[in-house]
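One letter stands for each residue in the lines below.
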Amino acid sequence: SLVFAEEQGSFLMGALAALRSESGNVGFIGAQQVPLLEKFAAGYKAGAEAAGEDLGKDITVQVQWIGTGNETFSSPDRAQVIAQSMIDQGADVLYHAAGGSGNGMFNACAANGADCIGVDSDQYESFAAQPDVQRTIITSMVKRVDNAVFDYASGIIDGSITGGETLTGDLENEGVGYSTSNPDLSQDDIAYMDGWQEQIIAGDVEIPTTLS
């Protein structure tokens, strides 16, 4: 009964990546090319390109998939190889939607001084025991399952939702968002993402859910 607008949160991550990138080259690593994960990739790519146009930057977005099968979510070694290849080709900000495989991307970023973006939960907080890796995770696109569950339960209670309905967690109802625990995420970064968020909520930005 709960789904999320991953493409909206990922759009903000793409906009941030374009803002922070010095090379104009950013990357996305997905576990496998399935409709759910393609929403992350499409949103990120759209956000980076829109922000690039807004900022007057030429932006290149590299997109790669680890492979097929469930092992793609637990293959950090393969993700690290892909991340290193992206960095070697000029990427300086990377984002993933690859479960535990994302740890490999973080390691590659830490080894090369690149920025990276986590997913689903606040991954900056998850790496407190590894400060060299932690400091590279500038933010994470978070799914606010807590908010979605609360809203759904509240809707059942007040009658605005009936059993069997689907609730979409998006930017407007705070079902998706981003973390701010890394002090390196500046107020300018936050203001820039919030500006795009306002446009998305107002319906002024159309975000794709598939890669073109």
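Just above, that's the structure.
Attention in this report is confined to the structure presented alongside it.

The rules behind each value
Residue numbering note: each chain is counted from 1, following its sequence as written. The predicted origin of the model limits local features to residues at a pLDDT of at least 70 and limits the giving and counting of side-chain atom pairs to 80 or more, whereas totals for whole chains, interfaces and linings rest on all residues. For side-chain calculations, the full set of non-hydrogen atoms in the structure is used, while hydrogens and water are omitted. A pair of strands is treated as paired once DSSP finds two or more bridges between them. Runs of E in the DSSP output that reach at least two residues are strands. Runs of H or I that reach at least four are helices, and both are numbered from the N terminus. Lines fitted to the C-alpha atoms define the axes, with helices restricted to the stretch that makes contact. Angles between their N-to-C directions range from 0 to 180 degrees. Working rule for contacts: check all heavy atoms of both residues, and any pair within 4.5 Å makes them a contact. When a carboxyl oxygen of Asp or Glu is within 4 Å of a side-chain nitrogen of Lys or Arg, the pair counts as a salt bridge. Each residue's exposure class comes from its accessible area (1.4 Å probe, protein chains only) as a fraction of the maximum for that residue type: buried when under 20%, exposed when over 50%, partly exposed otherwise.

1. Some details on the sheet that holds strand 6 (residues 137-143)
With mixed pairing, the six strands of this open sheet are ordered in space as 3-2-4-5-6-8. What marks the edges here is a single partner per strand, and that holds for strand 3 (60-65) and strand 8 (176-178). The average undirected angle you get between the axes of adjacent strands in this sheet is 15°. Relative to strand 4 (residues 93-97), strand 2 (residues 25-30) runs parallel, the two being bridged by five bridges.

2. Digging into the environment of Val 61
Checked against the element boundaries, Val 61 lands in strand 3. In this structure, the C-alpha to C-alpha distance between Val 61 and Asp 194, residues 133 residues apart in sequence, is 22 Å. Val 61 has contacts with Val 26, Tyr 44, Lys 45, Ala 48 and Glu 49, leaving out every residue within four places of it along the chain.

3. Some remarks on the pattern of salt bridges
On inspection of all chains with the given rule, the structure shows nine salt bridges. Of the charged contacts in the structure, one is a salt bridge between Asp 189 and Arg 20, with a shortest N-O distance of 2.8 Å. With a gap of 169 residues between them, Asp 189 in helix 8 (residues 187-201) and Arg 20 in helix 1 (residues 6-20) connect regions that are remote in the sequence. By relative accessible area, Asp 189 is classed as buried at 6%. Arg 144 is the salt-bridge partner of Asp 146, the closest N and O atoms lying 2.8 Å from each other.

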